[in-house]
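# Chains, contacts and geometry: an overview
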Amino acid sequence: MKIGRAANAVKQARKDANMTQQQLAFEIFESRESVSHQENDRYRVQPNISKYFAEKHNNPWVALEAAAEYTGWGPTKLDGEFVDLHRSSVTMKTREELTEALEAIESVCVANHPKSIRDFDKQHLEEALLQAIDAIVALTQYVAVICKDYGFSWIKMWSKHRMKLKSRGYVK
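Everything in this summary refers to the structure shown in the same document.

Basis of the calculations
Residues numbered from 1 in each chain as written. Predicted model: local features only at pLDDT ≥ 70, side-chain atom pairs only at ≥ 80, totals over all residues. Heavy atoms only, no water. Core = buried A, V, L, I, M, F, W, Y, C linked by side-chain atoms within 4.5 Å. Buried < 20%, exposed > 50% of the residue type's maximum accessible area, 1.4 Å probe, protein only. Helix = DSSP H or I, 4+ residues; strand = E, 2+ residues; numbered from the N terminus. Contact = heavy atoms within 4.5 Å. Phe/Tyr/Trp six-rings, centres within 6.5 Å; stacked < 30°, edge-to-face > 60°. Lys NZ or Arg CZ within 6 Å of the ring centre and 35° of its normal. Salt bridge = Lys/Arg side-chain N within 4 Å of Asp/Glu carboxyl O. Polar contact = N/O pair within 3.5 Å; in protein donor to acceptor, adjacent residues only side chain to side chain. Patch = residues over 30% accessible without salt bridge, like charges linked within 9 Å, V, L, I, M, F, W, Y side chains within 5 Å. Areas by Shrake-Rupley, 256 points an atom, 1.4 Å probe, with all protein chains shown as cover. Lys, Arg positive; Asp, Glu negative; His and termini not counted. Charge placed at Lys NZ, Arg CZ, Asp CG, Glu CD.

### Some thoughts on the nonpolar core
Of all hydrophobic cores here, the largest spans 16 residues; its most connected members are L24, V45, I49, F53 and V62. The set of elements that each furnish at least two residues to this core consists of α1 (5-16), α2 (21-28), α4 (47-57) and α5 (61-71). It is α1 that provides the largest number of residues to this core, a total of four residues. The contact partners of I49, leaving out residues within four places of it in the chain, are V10, I28, Q38 and V62.

### Here we look at the packing of aromatic side chains
The final tally for this structure, using the stated rule, is two aromatic pairs. In this arrangement the basic side chain of R44 is found over the ring face of Y70, its NZ or CZ atom lying 4.9 Å from the centre.

### Re the side chain of Q141
Residue placement: Q141 occurs in helix α7 (residues 119-150). Apart from residues no more than four positions distant in its own chain, Q141 is found in contact with W61, T76, K77, L78, L85 and V90.

### Digging into the side chain of N59
Relative to the elements of secondary structure, N59 occurs in the loop between α4 and α5. A residue is classified by how much of its surface remains accessible, and N59, at 8% relative accessible area, is buried. Ignoring anything within four residues of it in the chain, the contact list for N59 reads A13, F53, A54 and K148.

### Things to note about the pattern of salt bridges
Evaluation of the coordinates by the stated rule reveals nine salt bridges. The closest approach of N and O atoms between E33 and R32, which form a salt bridge, is 3.7 Å. On the basis of relative accessibility, which here comes to 43%, the residue E33 falls in the partly exposed class. Within the structure, one salt-bridge network assembled from shared partners comprises R5, E65 and D79.

### Topic: the environment of D41
Summarising the element assignment, D41 is placed in the loop between α3 (32-39) and α4. A polar contact is formed between the side chain of D41 and the backbone nitrogen of G4, at a distance of 2.8 Å.

### Quick notes on a negative patch on the surface
Residues E100, E103, E106, E126, E127 and D134 make up a contiguous surface patch of negative charge. The set of elements that each furnish at least two residues to the negative patch consists of α6 (87-106) and α7. On the secondary structure map, E126 appears in helix α7.

Below, the structure is given as structure tokens:
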């Protein structure tokens, strides 16, 4: 049986933290068996493990993988054969994806009612959406890698962002 991405992320995060399953279980107030079940994909990765690694080890990958598994969508850690997650490579790729997304967004008009859009324009709009998703994924990699490499807290950065949204009246 193929083990899921979130399960692999937990196992890797635990190993990166030089912890045994027993030590992790003690930290998150669960049994070692529960940790084992989550690492071996018998249980879904629980939010408390995701939160633990983000807060205590500045590792957002477990949470990103778990969220994507729960929802079936969203950014995950890029880990393919041709991915380079060095901070300079991630920065350059993020710039490229942002430029492509902006160009694609600028090439379509969404001022008209959605029912009046032509098939040709709808194809361009779909491409703009895909480019925007590429940018979201690139930005997620960028923030995660830069936080990790330079010691910025992933959690604190998102908390600051949330406070900014609240202060501007964008969220309650």
